[in-house]
Amino acid sequence: MSADSPRKTSPRVRSLVALIPLGVLMGLLALDIVIFGVDSILGASQVALLAATAVCVGLSAWLYKTPWKDFEKAVRGNFGEVSQAILILLLIGAISGTWTMSGVVPAFICYGIKIISPKVFLLTSCLLCAVVSVMTGSSWTTIATVGVALIGIGRAEGFSDAMTAGAIISGAYFGDKISPLSDTTVLASSVNGVGLFEHIRYMLFTTVPSIVITLIAFTVLGFLHGGATDSQMEVYTEGLSSTFRITPWLLLVPAATAWLIYRRKPAVVVLTFGVLVAAVAALIFQPEVVRTIGRAVGEGSRARLYFSGTVRMIYDSVSLETGSPAVDQLVSTRGMVGMLNTVFLILCAMCFGAAMKASGMIADLARILFPLTRTRAGLVGSTVVTGTALNGIVSDQYLAIILTSNIYRSSFEKEGYEGRLLSRSVEDSATVTSPLFPWSSCGLTQATILSVPTLVYAPFCFFNLLSPLMSFLVALAGWRIVRSRSSSPEV
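Residues numbered from 1 in each chain as written. Predicted model: local features only at pLDDT ≥ 70, side-chain atom pairs only at ≥ 80, totals over all residues. Heavy atoms only, no water.

## Focus on the layout of surface pockets
So, step 1. There is about 910 Å³ of room inside the largest pocket.
So, step 2. Along the walls of the largest pocket sit 42 residues, with Arg334, Ala447, Thr448, Ser451 and Val452 positioned nearest its centre.
So, step 3. Here the element with the most residues in the lining of the largest pocket is helix α21 (residues 441-450); it accounts for five residues.
So, step 4. Taken together, the residues of the lining of the largest pocket break down into 23 nonpolar, 16 polar and three charged. (1 Å grid on protein atoms, 1.4 Å probe; cavity = no way out; pocket = protein on both sides within 12 Å on 5 of 7 lines; lining within 4 Å. Points joined across faces, edges and corners; volume = space filled by probe spheres on them. Helix = DSSP H or I, 4+ residues; strand = E, 2+ residues; numbered from the N terminus. Nonpolar A, V, L, I, M, F, W, Y, C, P; charged D, E, K, R; others polar.)

## A short note on empty space enclosed by the protein
Rolled over the atoms, a probe sized like a water molecule indicates the empty space that remains.
So, step 1. Counting across every chain of the model gives one cavity of 30 Å³ or more.
So, step 2. Of the voids in this model, the largest cavity is the one considered here, and its volume is about 30 Å³.
So, step 3. Around the largest cavity, the lining residues are Val82, Ala85, Trp140, Asp396, Tyr398 and Ser441.
So, step 4. Considered class by class, the residues forming the lining of the largest cavity number four nonpolar, one polar and one charged.

## Let's talk about the environment of Gly381
So, step 1. When you line up the elements, Gly381 lands in helix α18 (residues 376-393).
So, step 2. It is 39 Å that separates the C-alpha atoms of Gly381 and Val269, two residues lying 112 residues apart in sequence.

## Brief notes about the pattern of salt bridges
Once their charged atoms are close, side chains differing in charge can pair, the charge on each being opposite to the other.
So, step 1. Summed over the entire model, instances satisfying the criterion amount to seven salt bridges.
So, step 2. Ionic pairing is found between Asp161 and Arg155, a salt bridge with its closest N-O pair at 3.1 Å.
So, step 3. The class of Arg155 is buried, set by a relative accessible area of 15%.
So, step 4. A cluster of three or more residues bridged by salt bridges with shared partners is formed by Glu288, Arg291 and Arg295. (Salt bridge = Lys/Arg side-chain N within 4 Å of Asp/Glu carboxyl O. Buried < 20%, exposed > 50% of the residue type's maximum accessible area, 1.4 Å probe, protein only.)

Set out below in structure tokens:
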């Protein structure tokens, strides 16, 4: 055997080797969290991902003689897959800044405190985000707009950010999962050769029970919650009213954005429009706020202050003094700059995912679960576990959907199960568990938008936690699962 030829290794050994980069990543990420805490996303987690990537590349080059060009090709492919997501991330940072400084988010908070009863706040938050996400087909857009406002209302009404974020994310990912406008829904159905609406209808058998249990849980938590006193809520309303001009006219900004959503315009177009309209609204309704932001750059003419203030609220981290530290924290924004650490982490995560894919280690890891696929429940359970695990390994739900589908398609066909069972199992795992991993693109994005660490909100993401379990339980019961007659009977 020449020095350049791959070493012959058994499938079992390959599977064990594939665990090494994953073990290195898990160990380093855990160490980062212990040492750096929530600041681990500022660089430590990125280093952990790159270190695990180096281990994967080194092992693959040494044992399997994987050419370097294969890794380069995989990296380019992964970067291409997330290029639009990065642009959306930057626009989300911009819309967070402009919607807050224009008074749109403060108006939502002030009106929401008056309208929404604390007892049903969590329930209402989950339902509202579910409706908006079904309309938009995007959990990210829903969380970046409605979610940010609901976090503020929740704080004013005495709810922990973790509970509120859990309700927001649960509702947003329910809508994202069943919306015909959702890119993940379209991807899961098309990759597995299933009609879009057939796929959505079949998902209802696992999705409806999961969301019903979720809504019951948030209702119970709401009624058990003591709630904030009137004086506590007044601190928020007075602080916001004294800093911003609160008027119903500000609601035209989200209304116009919703109109574009209704017209099914692309997410980039909707978010860009939302940024521009909110910037104009800031100049009209909050001129003093804009001038205050502009003075941080330097004094000058009124026109210069307006220009610099408008640009800064779009791209820079901005904070205002309202007289209340709690309200100051609520209206502080990070703009596009605040999303750069997220972009940094996503790029590093894509490098790790590319290395695992190019080396074949993802398939090697999946091989560990293949002995469990001989029964209906085992096959679905293995698919769900793989889809969930791939969110943590490749850190991207789109890759997790594609890879899980490719790994198990032949097994489902061999056992005679319909393609819609595979597409549903993939969505029940790869789509909804993506925000539960702190280093994944979705997990870091939602944590950044809502300013709540992933591991803090994850225990309250009831829908996201229940969906994989519900998928397995429905498969165990055999509810509405058919098998072709040509297949051997299940034991």
